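Chain by chain, the residues:
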Amino acid sequence: MFKKILIANRGEIAVRIIRACYEMGIRSVAVYSEADGEALHVQMADEAVCIGGSAPKDSYLNIQNILSAAVLTGSEAIHPGYGFLSENAKFAEICEKCNICFIGAPYKVIAQMGNKMQARCLMMNSGIPVIPGSDGILTNVDEAKTIAEKIGFPLLIKASAGGGGRGIRRVDTPDELADSFYGAKSEALACFGDDSVYIEKLMKKVRHIEIQILADKFGNTVHLFERDCSMQRRHQKVIEEAPSLYISDELRNQMGEAAIRAAKACGYINAGTVEFLVDSDRNFYFIEMNTRVQVEHPVTEAITGIDIIDEQIRIASGLPLSFAQDDVRIDGHAIECRINAENPRQDFMPSCGKVNIRHLPGGIGIRFESLLYDGWEISPYYDSMVGKLIVHAPNRDAAVKRMKRALMELYIEGVDINDEFLMEIIMHQDFQSNGYDTSWIEEGIIK
């Protein structure tokens with residue numbers, strides 16, 4: 001087992017990993033930017049190293065400085081969390097060459113699955129259903145028109161190297177195709193350094209269901225059931241829950257088996273997520289694989305009792321999984337709300353300033369993971385998510401009621417947060433009856 005791990009991240013995920021290290025008897029090293037000198041993860045870690053300026057490119061995306069910090073502190077491994085360098089194949093490869101263990105998937109797998117077109121082709125070859133669309137990269141607009149005529153509108157033009165909702169253009173009519181094609185290519189080049197794009201049919205009235213998998217170096221691959229991540233705004237998840245009441249036990253097993261097959265097809269090791277869309281006829285289609293731990297991993301931990309971060313570290317250190325597939329059971333229901341420093345009434349404008357915490361939710365079945373503490377100054381340099389509120393209860397109805405109570409208890413001054421927006425969703429009949437899909441928020445049901 002490792003003696004010291006460097007966490008190449010910030011915020012609540014860095015805090016989460018530091019806590020896991022402490023419980024495993026592993027020393028932790030935090031890295032931080034100039035803006036994060038007083039951050040919670042810096043104060044909690046055993047050691048901390050400043051790695052650059054406030055902008056992410058100068059610090060949390062600065063591979064050279066992060067690796068220098070790892071060498072300086074004698075860290076044997078680096079946990080990238082999510083975001084930043086977590087799915088950067090180059091970073092994972094350099095770690096390997098420097099004899100520093102990257103706690104995540106092998107770099108070749110990250111590169112392969114990070115290319116959405118390559119991943120799509122691999123799934124097709126593995127007999128896993130994919131969304132109708134192009135079988136390869138689009139070379140020109142005429143090719144895009146031919147495929148569009150075949151699959152019909154609406155459709156999506158997507159960046160092959162994309163992620164996080166970027167490099168995507170919706171096309172509703174043939175007249176929009178050319179501008180959307182070039183727009184997607186331009187954004188893809190700017191965001192990912194790769195302007196390759198492909199086409200997928202835009203699936204309407206679908207649920208976004210993802211399967212958590214874990215795989216060790218001994219060929220053991222398991223799934224931890226599903227998370228329903230259908231409550232989204234602009235392709236960004238807002239609320240996640242587990243398990244999904246939208247799918248049957250039979251479909252759950254089919255999707256779990258497909259996720260394991262996908263993981264084995266690419267030689268996957270460590271924690272990952274295979275994401276699907278499920279239509280109204282309960283047909284499922286592969287959309288992508290995330291080669292890292294997910295923001296919403298706590299809901300899976302809540303219903304299975306399995307510590308995913310702990311398993312990640314164990315796997316990376318060369319140990320086998322601590323359980324088998326038959327050991328995994330669903331216990332109750334969990335819901336997670338992403339707490340963002342933003343103003344939903346002003347088009348979700350990010351909010352910065354000094355935090356004055358009046359009350360944080362607590363009680364049985366409630367978990368609040370956050371970078372917040374009283375007096376902390378939220379800066380404009382990073383993502384607006386400042387915490388995750390997770391509840392667990394014996395069933396979904398009880399979990400919904402518990403989340404209502406938890407949101408009512410959450411009281412923070414100094415910055416705007418999206419708690420009222422989340423409460424509107426939780427209180428809505430469509431949510432309570434599980435009658436929503438990925439387009440629900442965009443349809444303007446919540447004003």
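Scroll up to find the structure.
Description of the structure in this document.

The rules behind the values
- Residues numbered from 1 in each chain as written.
- Predicted model: local features only at pLDDT ≥ 70, side-chain atom pairs only at ≥ 80, totals over all residues.
- Heavy atoms only, no water.
- Helix = DSSP H or I, 4+ residues; strand = E, 2+ residues; numbered from the N terminus.
- Rg over C-alpha atoms; globule rule 2.2 N^0.38 Å.
- Contact = heavy atoms within 4.5 Å.
- Areas by Shrake-Rupley, 256 points an atom, 1.4 Å probe, with all protein chains shown as cover.
- Lys, Arg positive; Asp, Glu negative; His and termini not counted.
- Charge placed at Lys NZ, Arg CZ, Asp CG, Glu CD.
- Pairing = 2+ DSSP bridges.
- Axes fitted to C-alpha atoms, helices over the stretch in contact; angles between N-to-C directions.
- Buried < 20%, exposed > 50% of the residue type's maximum accessible area, 1.4 Å probe, protein only.
- Arc of directions from axis to C-beta.
- Phe/Tyr/Trp six-rings, centres within 6.5 Å; stacked < 30°, edge-to-face > 60°.
- Lys NZ or Arg CZ within 6 Å of the ring centre and 35° of its normal.
- Polar contact = N/O pair within 3.5 Å; in protein donor to acceptor, adjacent residues only side chain to side chain.
- Salt bridge = Lys/Arg side-chain N within 4 Å of Asp/Glu carboxyl O.

### Thoughts on the overall build of the protein chain
Assigned secondary structure in the protein chain consists of 14 helices and 22 strands. In terms of overall size, the protein chain behaves like a compact globule, its C-alpha atoms giving a radius of gyration of 21 Å where 447 residues would be expected to give roughly 22 Å. Structurally, the protein chain occupies a C-alpha span of about 60 × 50 × 45 Å along its principal axes. Counting contacts in the protein chain only where the partners sit at least 6 residues apart, residues at least 24 apart contribute 65% of the total. For the protein chain, the accessible surface area stands at approximately 18200 Å², while carbon and sulfur atoms represent 48% of it. One way to put it: in the protein chain the 47 positive side-chain charges average out to a point 1 Å from where the 63 negative ones average out.

### Some points on the sheet that holds strand 10 (residues 221-233)
Spatially, the eight strands line up as an open sheet ordered 13-12-9-10-11-14-21-19, and their pairing is antiparallel. Each edge of the open sheet is held by one strand with a lone partner, namely strand 13 (284-290) and strand 19 (366-370). Strand after strand, the sheet turns through a mean of 25° between neighbouring axes, direction not considered. Of the pairings in the sheet, the one linking strand 14 (residues 333-340) to strand 21 (residues 385-393) comprises eight bridges and is antiparallel in character. From the neighbouring strand, Cys337 faces strand 21, where its bridge partner is Leu389. Sitting on the sheet, helix 13 (residues 419-427) touches strand 10, strand 11 (236-242) and strand 14, and the angle it makes with strand 11 is about 45°.

### Looking at the pairing of strand 19
Counting buried residues in strand 19 gives four out of five residues, a clear majority hidden from the surface. The pairing of strand 19 with strand 21 spans five bridges and is classified as antiparallel. Bridging across to strand 21, Glu369 finds its partner in Lys388.

### Considerations on helix 5 (residues 107-114)
Along helix 5, the positions that sit buried rather than exposed are Val109, Ile110 and Met113. Buried residues in helix 5, looked at end-on, bunch into an arc of 100°, giving them a common side. In this structure, the buried side of helix 5 is in contact with helix 4 (89-97), strand 5 (101-102), helix 6 (116-125) and strand 13.

### Observations concerning the packing of aromatic side chains
Under the defined criterion, the tally for this structure stands at 10 aromatic pairs. Ring centres of Tyr381 and Tyr382 lie 6.1 Å apart, and the angle between their planes is 55°; this geometry places the pair in the tilted category. Using a relative accessible area of 42% as the deciding quantity, one classes Tyr381 as partly exposed. Grouping aromatic residues by their ring pairs yields a cluster made of Tyr60, Phe84, Tyr381 and Tyr382. Arg207 extends its terminal NZ or CZ atom over the ring of Tyr436, reaching a point 4.3 Å from the ring centre.

### Here we look at the sheet that holds strand 6 (residues 155-159)
The three strands lie next to each other as 7-6-8, forming an open sheet whose pairing is antiparallel. Both outer strands of the open sheet, strand 7 (168-171) and strand 8 (197-201), are each paired with one neighbouring strand and no more. Sheet twist, expressed as the average angle between the axes of neighbouring strands with direction ignored, equals 25°. Pairing of strand 6 with strand 8 involves five bridges; the strand directions are antiparallel.

### Description of the side chain of Ser54
Structurally, Ser54 can be placed in the loop between strand 3 (47-52) and helix 3 (63-73). Residue classification places Ser54 among the buried residues on the basis of a relative accessible area of 15%. Of the polar contacts made by the side chain of Ser54, one reaches the backbone nitrogen of Ala35; its length is 3.3 Å. Setting aside residues no more than four positions away along its own chain, Ser54 makes contact with Ser33, Glu34, Ala35, Ser59, Tyr381 and Tyr382.

### Regarding the pattern of salt bridges
On inspection of all chains with the given rule, the structure shows 37 salt bridges. One salt bridge in this structure joins Arg120 and Glu200, with 3.4 Å as the shortest N-O distance. Linking Arg120 in helix 6 with Glu200 in strand 8, this pair joins segments that are 80 residues apart in sequence. A single burial state applies to Arg120 and to Glu200, both of which are buried. With its nearest N and O atoms 3.3 Å apart, the salt bridge here joins Lys237 to Glu275. Of this pair, Lys237 sits in strand 11 while Glu275 sits in strand 12 (residues 270-278); the two residues are 38 residues apart in sequence, bridging distant segments of the chain. Assessed through its relative accessible area of 15%, Lys237 is described here as buried.

### A closer look at unusual backbone geometry
At the junction of Phe153 and Pro154, the peptide bond is cis and its omega measures out at -5° in the coordinates. Counting through the fold element by element, Pro154 comes out in the loop between helix 7 (141-151) and strand 6. With an omega dihedral of -5°, the bond running from Ala242 to Pro243 counts as a cis peptide bond. Within the fold, Pro243 resides in the loop between strand 11 and helix 9 (249-265). The phi torsion at Phe84 lies on the positive side, around 45°, for a residue other than glycine. Here Phe84 lies in the loop between strand 4 (77-79) and helix 4. Given a relative accessible area of 30%, Phe84 falls into the partly exposed group.

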